[in-house]
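Working through the structure, step by step
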Amino acid sequence: MKIGPQHSYKFLVRPVVVVSTISKNGISNAAPFSFNSPISFSPPIFGFSCNPGHDTWRNIKENSEFVINVVGEDFGPLMGILEKDFPYEVSEIEKAGLTTQKSTKIRPPRIKEAYAWLECRMIDHRELGDHVWIAGEVLEAEVKDEFFDDVIDLEKCRPLSHISGKFFGINPVRVEYERA
Ligand SMILES: Cc1cc2nc3c(=O)[nH]c(=O)nc-3n(C[C@H](O)[C@H](O)[C@H](O)COP(=O)(O)O)c2cc1C
């Protein structure tokens, strides 16, 4: 079935991350993003694609710092509130009943209820189509001990993925294949 190139993202199941940032007045902001990916091992670089009208971009333009909060299916029911367009400097973290936790290397807070965090500083950005691709060096990465066993334990952390609109993916299973 041909569905049109502009709908091709609907074939691709993408991890949901919640990006937290901070304004110059110290008010935190959070929003879900699914157009996101690691870009480089060394230095470790992580990128995501942001509509230039978002408060997330406004804050990153000011201070370059952001936290990638990696979230599980428990965040699914919170997507509606986290993606709501509250006025600038209203914290979605508070509105969603979530808890902030100090980051180690940057000012924007982590969201405590996430299962892993990447603390990033923007090193590059580029307008691509109707979004800005934001690339950040990963300065600190941490995962909750109980969810990590050599690599992430999918059955414990139960990651949340996005397909499109109200459609999400849950319940992936970790398997191993021999590689040459
Ligand atoms: C699951 C999910 C994934 C999303 N992915 C993106 C994305 O990759 N890029 C983007 O610009 N907006 C994305 N959005 C929309 C933003 O989260 C939403 O517009 C939010 O209000 C932006 O908040 P801000 O203005 O506080 O930055 C997504 C929303 C949801 C619920």
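A brief look at the structure comes next.

So, about the site of the ligand. Neighbouring the ligand are 18 residues; Ala31, Phe35, His54, Asp55 and Thr56 lie closest to it. At the level of elements, strand S3 (28-33), strand S5 (45-50) and helix H1 (55-63) are the ones that each hand at least two residues to the shell around the ligand. Among the elements that line the shell around the ligand, the one with the most residues is S3, at four residues. Taken together, the residues of the shell around the ligand break down into seven nonpolar, eight polar and three charged.

On to the pairing of strand S4 (residues 36-40), then. Bridge analysis of S4 against S5 gives four bridges, and the strand direction is antiparallel. Bridging from a neighbouring strand, serine 40 pairs with isoleucine 45 of S5. Between S4 and S5, which follow one another and run antiparallel, lie four residues.

In this section: the sheet that holds strand S1 (residues 14-15). Within the open sheet, the three strands sit side by side as S1-S13-S14. Their pairing is antiparallel. The open sheet terminates on both sides in strands that have one partner only, identified here as S1 and strand S14 (167-169). Sheet analysis places S1 next to strand S13 (residues 161-164), joined by two bridges and oriented antiparallel. Note that in S13 the partner of proline 15 across the bridge is serine 161.

Criteria and cut-off values
- All residue numbers here refer to positions counted from 1 along the written sequence of the relevant chain.
- Side-chain atom pairs in this predicted model are given and counted only at pLDDT of 80 or more, local residue features only at pLDDT of at least 70, and totals for whole chains, interfaces and linings cover all residues.
- Proximity of a residue to a molecule or strand is defined by its backbone-placed C-beta atom lying within 6 Å of that partner.
- Only DSSP runs of H or I reaching four residues or more are called helices, and only runs of E reaching two or more are called strands; each is numbered from the N terminus.
- The nonpolar class holds Ala, Val, Leu, Ile, Met, Phe, Trp, Tyr, Cys and Pro. Asp, Glu, Lys and Arg form the charged class, and all remaining residues, Gly among them, are polar.
- In this description, strands pair whenever DSSP reports at least two bridges between them.

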